Amino acid sequence: MRLNPKEDDTQSRFLRLYTAHEATLHSYVRRLVYSREDTLDVMQKIAVVLWKKFDQLKEDQDFRKWSFAVARFEVLAWRRDLAREREKFVLSSDTIELMAGEMDQQAEQLDLEQEAILQHCLKKLTETESTALKKMYQKKSDTATLAEEFNKSITGFYQWIYRIRQNLAKCAQNLSTSI
Amino acid sequence: MSKEDILIARYLNQDLDTKETEELDQLLKVNPKLRDKFYQQANAHAGLETEFSSVLPDEKLLTLTPKFSKTPWFTIAACLVLSLSLLSFFWMDEDDPIALIIANENAAWESSLPTTQGSKLYAGRMTLKSGVSIIRFSSGAELTLEAPAMLELVDSMHGILHQGNGIVNVPDSAQGFVLTTPTGYAVDHGTAFGVSVSQDGKLSDFKVLEGEISIHASNGKSLFLLQNESASLSATGISDKNVMIAGEPVPEPTKQNQLIRFQTEGRCQSIIRNNKIAHLNPDYLMVKLDTGSYPYERRSLFNFQIGETDVSRVKQVRLRLNLVPCGLGYRVYLPKVNQFQVYAIAGFSEIESWRNLKWEEAPSIESATLIGNFEIPRSQERGSVLIESQELTNFLKENNTSEYTFIVTRQTTEIRGSGMVHAFASDSHPEASGPTLEIIF
């Protein structure tokens, strides 16, 4: 593929900026969007919009700020376009908009914590906790079956999972404030 | 735990009905504290999903149409440059440090612990590749270590010497200090003693320089040693006591083979396919294979000049690299096991400047000989990689020339963009040693 020099420059500048921010955009979207599959769809749309509007981004403008604004808009668009049936199971547009703004403020801290969870805190899980999480996230059996398998009521199982996540978050917070 | 907490847990698991969703929605709107909890939970949830979910069916590659021309579509191959190297400092416990490095003399350490002079040390293993280092435990016990040595810090009154030579100085405050070796342990009763653990760990020699120690074998036997007395511990127990003349050095385990080590002395560099050298760092030899047309593929090259050394009759040749984290990219986006290949070239002296080596100027792997493979699990952050193969030994023997150049490439790509860049210490790395060629005669 041969491109004229100007175009090549724009593309490589875009790629450089986009790839540098892709992971953090993905995390941001995932925290707001209902499912993993929806997250990927939203991410695709965000990338397309960023590329289409890239010439509107001024040389000295902050790419992160700009791309987060686009991401926020696309998350809300996703919420608005949900099919009527699914809409009932997802938080309202107002709430998502409120949380999108607050999470934007905390995005850097949350990213750091998520990385700490993956790199360090997961090692602290017990064998049983790890097994339960694996089964739960691989979605091979439903919650009732899982709860029974681990000798818990359904509520008890959710309490357990909540606590595990809470402990992971605490572990990550401790790490990220000890720099 | 409150009812709201359970609602959050169930929402993230896509398990709420219409009414419950509305209830959670209202609660979140009015309660900022609950929203904070939600963010923490959603964040941990996203992390766990990354870790435990099965890989999504074929990753959707992002395709974009070029803006000004009708040229074909191109794909984004993401290479994330995000510095998370700070995280490697999170490793230590929050407790008090166990020990302190008080002196390093030409010491090259390989460790997940910090290893510069004055560094606080926590429980963990460290390998001294070259030089001498003095470590002071917070109990006051001092260990002077000679390379090559592998030390494990347990607590302020206990260390494990897996391999190597050292002198232990124990003041009154640290009486009872325990030094474990693979064949037993020594308890110090206020003294100075020398210790030497053979490379294979099968034999440890102890010699008291001053004072008194007791040594304990794994079969339960023990022996007291006084000044100038020495004994050794092996799998079969404790040897007879020897009385030695003061000043005689600690006996060294006998060396069977002569080993010569060569380093690269600045002739090492990474190259990147798109030649964006801002993505390289001279302290690291980076290796990566990304997706698409591999714009961010990185390879490492290094060169050893062995001069007149005759290698036509060597017994064995080994290549040693030190894996270190360079902070670029996410390890979770890599396959569980990553495969690498090592190629060799006899010569390659035409290069003018190693520092600015361009992809096109570097020798290609097609012109080189494959001499070995190795694997690194994505979970591994640091460690020594040893390449010893018949191909490597034969390559040196057959060429018998004064210099050799090696190329390291990664065979396995990433699960998605922004995967981790593997890195090995270059010879300018502040902590770990650069590539070493070991020739055994």
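For the structure, see preceding data.
Residues numbered from 1 in each chain as written. Chains lettered and ligands numbered in written order. Predicted model: local features only at pLDDT ≥ 70, side-chain atom pairs only at ≥ 80, totals over all residues.

Let's shift gears to the overall build of chain A. Across its full length, chain A holds eight helices and zero strands. Going from N to C terminus, chain A has its helices and strands arranged as α-α-α-α-α-α-α-α. Look at the contacts in chain A between residues 6 or more apart in sequence, and 62% of them connect residues 24 or more apart. (Helix = DSSP H or I, 4+ residues; strand = E, 2+ residues; numbered from the N terminus. Contact = placed C-beta atoms within 7 Å.)

In this section: the overall build of chain B. A count of helices and strands for chain B gives four helices and 27 strands. By residue count, 39% of the 441 residues in chain B fall in the buried class. The long-range share in chain B, meaning contacts at least 24 apart out of those at least 6 apart in sequence, stands at 61%. (Buried ≥ 20, exposed ≤ 12 C-beta atoms within 10 Å, placed from the backbone.)

One recurring pattern in soluble globular proteins: nonpolar side chains tend to sit buried together. A:Val29, A:Leu32, A:Val75 and A:Ala172 are the most contacted members of the largest nonpolar core, which has 57 residues in total. With sequence-adjacent residues up to four places away left out, A:Leu32 is seen in contact with A:Val75, A:Ile96, A:Met99, A:Ala100 and A:Met103. In this structure, B:Tyr284, B:Val317, B:Ile387 and B:Leu396 belong to the second largest nonpolar core, which totals 46 residues. (Core = buried A, V, L, I, M, F, W, Y, C linked by C-beta atoms within 7 Å.)

Moving on, we get to the environment of B:Gly347. Residues and elements named next belong to chain B. On the secondary structure map, Gly347 appears in the loop between strand E22 (337–346) and strand E23 (369–377). When the C-alpha positions of Gly347 and Phe304 are compared, they lie 9.2 Å apart, and in sequence the two are 43 residues distant. Leave out the neighbours within four places in its chain, and Gly347 touches Thr401 and Glu403.

Attention now moves to helix H3 (residues 32–52) of chain B. The terminal C-alpha atoms of H3(B) lie 30 Å apart, and with 21 residues this matches the ideal 30 Å at 1.5 Å per residue to within 8%. For H3(B), the complete set of buried residues consists of B:Lys37, B:Phe38, B:Tyr39, B:Gln40, B:Gln41, B:Ala42, B:Asn43, B:Ala44, B:His45, B:Ala46, B:Gly47 and B:Leu48. (Expected span 1.5 Å × (residues − 1).)

What follows concerns unusual backbone geometry. All names here are of chain B. In the segment running from Ala147 into Pro148, the intervening peptide bond is cis, with an omega of -5 degrees. Within the element layout of this structure, Pro148 appears in strand E6 (residues 142–155). In this structure, Asn228 takes a positive phi of about 70 degrees despite not being glycine.

Quick look at helix H4 (residues 390–399) of chain B now. Residues and elements named next belong to chain B. Within H4, burial applies to Leu392, Phe395 and Leu396. In a view along the axis of H4, the buried residues occupy a sector of 90 degrees, so they form one face of it. Relative to its buried face, H4 has exposed residues pointing more than 90 degrees away, namely Gln390 and Glu398. Looking at the buried residues of H4, the elements they touch are strand E21 (316–323), E22, E23, strand E24 (383–387) and strand E25 (403–410). (Arc of directions from axis to C-beta.)

Relative to the helices and strands, A:Ser130 is located in helix H6 (residues 127–138). For the pair A:Ser130 and A:Ile164, spaced 34 residues apart in sequence, the C-alpha separation works out to 9.8 Å.

Turning our eyes to something else, we now look at the sheet that holds strand E20 (residues 298–305) of chain B. Residue and element names in this part refer to chain B. Overall, antiparallel pairing links the five strands, which are arranged E18-E20-E25-E22-E23 in an open sheet. Single-partner strands in this sheet number two, and they are strand E18 (268–272) and E23. Between one strand axis and the next, the sheet turns by 20 degrees as a mean value, whatever way the strands run. Here E22 pairs with E23 via eight bridges, running antiparallel. (Pairing = 2+ DSSP bridges. Axes fitted to C-alpha atoms, helices over the stretch in contact; angles between N-to-C directions.)

Here the focus is the packing of helix H5 (residues 93–119) of chain A against helix H2 (residues 18–30) of chain B. At a minimum axis distance of 10 Å, the contact between H5(A) and H2(B) shows a crossing angle of 40 degrees. Judged on the interaxial angle alone, H2(B) and H5(A) are oblique. H5(A) and H2(B) meet at a crossing whose hand is left-handed. For the pair formed by H5(A) and H2(B), the contact residues are A:Asp94, A:Thr95 and A:Leu98 on the first element and B:Asp25, B:Leu28 and B:Lys29 on the second. By residue class, the composition of the contact of H5(A) with H2(B) is two nonpolar, one polar and three charged. (Parallel < 35°, antiparallel > 145°, perpendicular 65-115°, else oblique. Left-handed = near helix turned anticlockwise from the far one by under 90°. Nonpolar A, V, L, I, M, F, W, Y, C, P; charged D, E, K, R; others polar.)

On to the environment of B:Gln117, then. Residues and elements named next belong to chain B. Following the sequence through the fold, Gln117 ends up in the loop between strand E3 (99–111) and strand E4 (120–121). Looking at Gln117, the number of C-beta atoms within 10 Å reads 13, which means it is partly exposed. For the pair Gln117 and Ile134, spaced 17 residues apart in the sequence, the C-alpha separation amounts to 9.1 Å. Among residues more than four places away in sequence, those in contact with Gln117 are Ile101, Ala103 and Asn104.

A few words now on the pairing of E18(B). All names here are of chain B. With five of five residues buried, E18 lies mostly within the body of the structure. Side chains of E18 alternate between two faces, with Cys268, Ser270 and Ile272 and Gln269 and Ile271 buried alike. Where E18 meets E20, five bridges bridge the pair, whose relative direction is antiparallel. If you follow Gln269 over to E20, its bridge partner there is Leu301.

Time to look at the packing of helix H3 (residues 63–80) of chain A against H5(A). Residue and element names in this part refer to chain A. Between H3 and H5, whose axes approach to 10 Å, the crossing angle comes to 160 degrees. Regarding the angle of H3 to H5, the classification is roughly antiparallel. Crossing of H3 over H5 shows right-handed handedness. Taking contact as the criterion, the partners of Phe68, Arg72, Val75, Leu76, Arg79 and Arg80 in H3 are, on H5, Ser93, Ile96, Glu97, Ala100 and Asp104. In the contact of H3 with H5, the residues fall into five nonpolar, one polar and five charged.

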